[in-house]
Amino acid sequence: MHPIYEKPRIYDCIVGWAAGDALGSWVEFLSLTEIRDEYGPDGVTEYRLVDGIAEITDDTQMTLFTLAGILLWERERSVNPGARLETALYDAYQDWYATQEPDDSRWKMKYQPRTKLYQNWDLHRREAPGCTCLSALQSEKMGTLAWPINDSKGNGGVMRVAPIGFWFSRQEQSVEETMVMGAVSAAITHGHPLGYISSALMAGLVNECIYGDSATLKEAVLRSKMRTEQIFAGTRYLEELLTLVDRAIQLSETREEPVSAMSKLSKSWLAESAVAIAIYCALKNVNDFGHGIITAVNFSGDSDTVAAITGNILGAWVGIEKIDEKWITPLKIDRFLMSL
């Protein structure tokens, strides 16, 4: 059996992120008015299928390559205990970058891939990739926490971090170590503190949902926020993220209309705001996965990314047994997972 099927809730989280991404793939960056003009007053409520398949975007592509990087690292450290995760992740993201290049380019024809996932040709197409991810990887320089590659706090780091949260149980390493890994993974392409601290919080939240003992999702969010505050104490801009998370929790407990509430959490293409909006959507719909990602999608901005992050959280929290089959089957996610 492939290792991705052996650990708890991994498949659940994968389905969650891919479902949110696929639901929002056709309306990414459209305004709510434009969404309703095209889909009706209720907006997007179901997949738009192509040959029976719910198509994914760069969000799921890069998340899959994060998982591929983790598996590459595990293979490497079996023969070299000093192998570093961030190096394997960087190699995996370079593989993703290569999939975005034209097949007939001289550079791509000479490229030497590192991951098995690269050989899945269904991933060799552009699905609105983020400019920051492309430019950072094109530079062939790896950003780090100590040496930022840019000043971007876009959501391209946080959207792909879930595998770090769900892969490492607390028998393998502490949740704090997992959160730092989440920050390191984002810093490869996003150098602003909010770009990588938001990713640490997200990795911690996914980990808490799966391996922690929180009685409620709200408690899991609060624990992840507390750990983020402790790990990154004194880091510039930290309070901006913590304030947004608090606001998301508070708004989720009101009767305010979702679009109005989400608009108070700033712009969805920013890392800290994407996490906050996703937390709001998940808390507001903690017992209804489908409504959670539908709420996330029907909002002006980076709809697929916010819905993917929402799906990550809810998939990790509720488990696949509480996700309706209509969100699972059209994804045909195993076509990618078996390539890892």
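Figured I'd write up the structure that's included with this text. (Residues numbered from 1 in each chain as written. Predicted model: local features only at pLDDT ≥ 70, side-chain atom pairs only at ≥ 80, totals over all residues. Heavy atoms only, no water.)

Concerning the overall build of the protein chain
Moving on, step 1. A count of helices and strands for the protein chain gives 16 helices and 0 strands.
Moving on, step 2. Here the C-alpha atoms of the protein chain give a radius of gyration of 18 Å, agreeing with the 20 Å that 2.2 N^0.38 yields for 340 residues.
Moving on, step 3. Seen along its three principal axes, the alpha-carbon backbone of the protein chain occupies a region of about 55 × 50 × 40 Å.
Moving on, step 4. A burial count over the protein chain gives 61% of its 340 residues as buried.
Moving on, step 5. In the protein chain, of all internal contacts separated by at least 6 residues, the share reaching a separation of at least 24 is 75%.
Moving on, step 6. Surface exposure of the protein chain reaches about 13,600 Å², of which carbon and sulfur atoms provide 51%. (Helix = DSSP H or I, 4+ residues; strand = E, 2+ residues; numbered from the N terminus. Rg over C-alpha atoms; globule rule 2.2 N^0.38 Å. Buried < 20%, exposed > 50% of the residue type's maximum accessible area, 1.4 Å probe, protein only. Contact = heavy atoms within 4.5 Å. Areas by Shrake-Rupley, 256 points an atom, 1.4 Å probe, with all protein chains shown as cover.)

Side note on the pattern of salt bridges
Moving on, step 1. Tallied over the entire structure, the rule returns 18 salt bridges.
Moving on, step 2. A salt bridge links E208 to R227; its shortest N-O distance comes to 2.9 Å. In this pair, E208 sits in helix α9 (residues 193-211) while R227 sits in helix α10 (residues 217-231), placing the two residues 19 residues apart along the sequence. With respect to burial, E208 and R227 carry one shared label: buried.
Moving on, step 3. Taken together, the shared-partner salt bridges connect R170, E176, E208, D213, E219, R223 and R227 into one network. (Salt bridge = Lys/Arg side-chain N within 4 Å of Asp/Glu carboxyl O.)

Describing the environment of Y5
Moving on, step 1. Within the secondary structure, Y5 is located in the segment before α1 (10-24).
Moving on, step 2. You can call Y5 partly exposed: its relative accessible area is 28%.
Moving on, step 3. Along the primary structure Y5 and L241 are separated by 236 residues, whereas in three dimensions their C-alpha atoms are 33 Å apart.
Moving on, step 4. Residue contacts for Y5: discarding those within four places in its chain leaves Y11, D334, L337 and M338.

Looking at the side chain of K108
Moving on, step 1. Along the polypeptide, K108 turns up in helix α5 (residues 106-110).
Moving on, step 2. Here the side chain of K108 touches A98 through a polar contact of 3.4 Å, landing on its backbone oxygen.
Moving on, step 3. There is a polar contact of 2.7 Å between the side chain of K108 and the side chain of D103.
Moving on, step 4. Not counting residues within four places of it along the chain, the set of residues in contact with K108 comprises A98, T99, E101, P102, D103, Y118 and H124. (Polar contact = N/O pair within 3.5 Å; in protein donor to acceptor, adjacent residues only side chain to side chain.)

A short note on the packing of α10 against helix α11 (residues 238-252)
Moving on, step 1. Contact geometry for α10 and α11: axes closest at 11 Å, N-to-C directions at 170 degrees. Here α10 lies roughly antiparallel to α11, going by the angle between them. Of α11, the residues touching α10 (which contributes K218, V221, L222, K225, T228 and E229) are L238, E239, L241, L242, V245, D246 and I249.
Moving on, step 2. Considering only residue class, the contact of α10 with α11 consists of 7 nonpolar, 1 polar and 5 charged. (Axes fitted to C-alpha atoms, helices over the stretch in contact; angles between N-to-C directions. Parallel < 35°, antiparallel > 145°, perpendicular 65-115°, else oblique. Nonpolar A, V, L, I, M, F, W, Y, C, P; charged D, E, K, R; others polar.)

Things to note about the nonpolar core
Across soluble globular proteins, you tend to see nonpolar side chains buried next to one another.
Moving on, step 1. Within the largest apolar cluster, 114 residues are counted, with the highest numbers of intra-cluster contacts made by F166, W167, L217, I279, I313, L331 and I333.
Moving on, step 2. Counting residues per element, this core draws most heavily on α9, at 12 residues.
Moving on, step 3. Aside from chain neighbours lying at most four places away, what touches I333 is Y11, I14, V15 and A18. (Core = buried A, V, L, I, M, F, W, Y, C linked by side-chain atoms within 4.5 Å.)

Quick word on the side chain of S105
Moving on, step 1. Secondary-structure assignment places S105 in the loop between α4 (85-99) and α5.
Moving on, step 2. Assessed through its relative accessible area of 15%, S105 is described here as buried.
Moving on, step 3. Of the polar contacts made by the side chain of S105, one reaches the backbone nitrogen of K108; its length is 3.1 Å.

Side note on the packing of aromatic side chains
Any pair of aromatic rings gets described here by the distance separating the centres and the angle formed by the planes.
Moving on, step 1. Under the defined criterion, the tally for this structure stands at 7 aromatic pairs.
Moving on, step 2. Pairing Y47 with W327 gives two aromatic rings, centres 5.2 Å apart and planes at 85 degrees, and the pair type is edge-to-face. Here Y47, found in the loop between α2 (32-39) and α3 (58-77), pairs with W327, found in the loop between α15 (303-318) and α16 (334-337); they are 280 residues apart in sequence, far enough to count as distant.
Moving on, step 3. On the basis of relative accessible area, Y47 is assigned to the buried category, the value being 10%.
Moving on, step 4. An aromatic cluster of three or more residues is present, and its members are Y97, W107, Y111, Y118 and W121.
Moving on, step 5. Here the guanidinium or amino end of R48 rests over the ring plane of W26, the centre of that ring lying 4.1 Å away.
Moving on, step 6. Directly above the ring of W73 sits R77, whose terminal nitrogen or CZ lies 4.0 Å from the centroid. (Phe/Tyr/Trp six-rings, centres within 6.5 Å; stacked < 30°, edge-to-face > 60°. Lys NZ or Arg CZ within 6 Å of the ring centre and 35° of its normal.)

As for the environment of S199
Moving on, step 1. Mapped onto the elements of the fold, S199 is located in helix α9.
Moving on, step 2. C-alpha separation for the pair S199 and Q250, spaced 51 residues apart in sequence, amounts to 21 Å.
Moving on, step 3. Residues contacting S199, with those up to four places away along its chain left out, are G157, V158, V161, G182 and A186.

Some words on helix α6 (residues 131-138)
Moving on, step 1. Among all positions of α6, only C133, L134, A136 and L137 are buried.
Moving on, step 2. Looking one or two residues beyond α6, the residue adopting positive phi is E140, at roughly 60 degrees.

Considering α1
Moving on, step 1. Across its 15 residues, α1 extends 22 Å between first and last C-alpha, which sits within 8% of the 21 Å expected from 1.5 Å per residue.
Moving on, step 2. Among the 15 residues in α1, 15 count as buried, and that is most of the element. (Expected span 1.5 Å × (residues − 1).)

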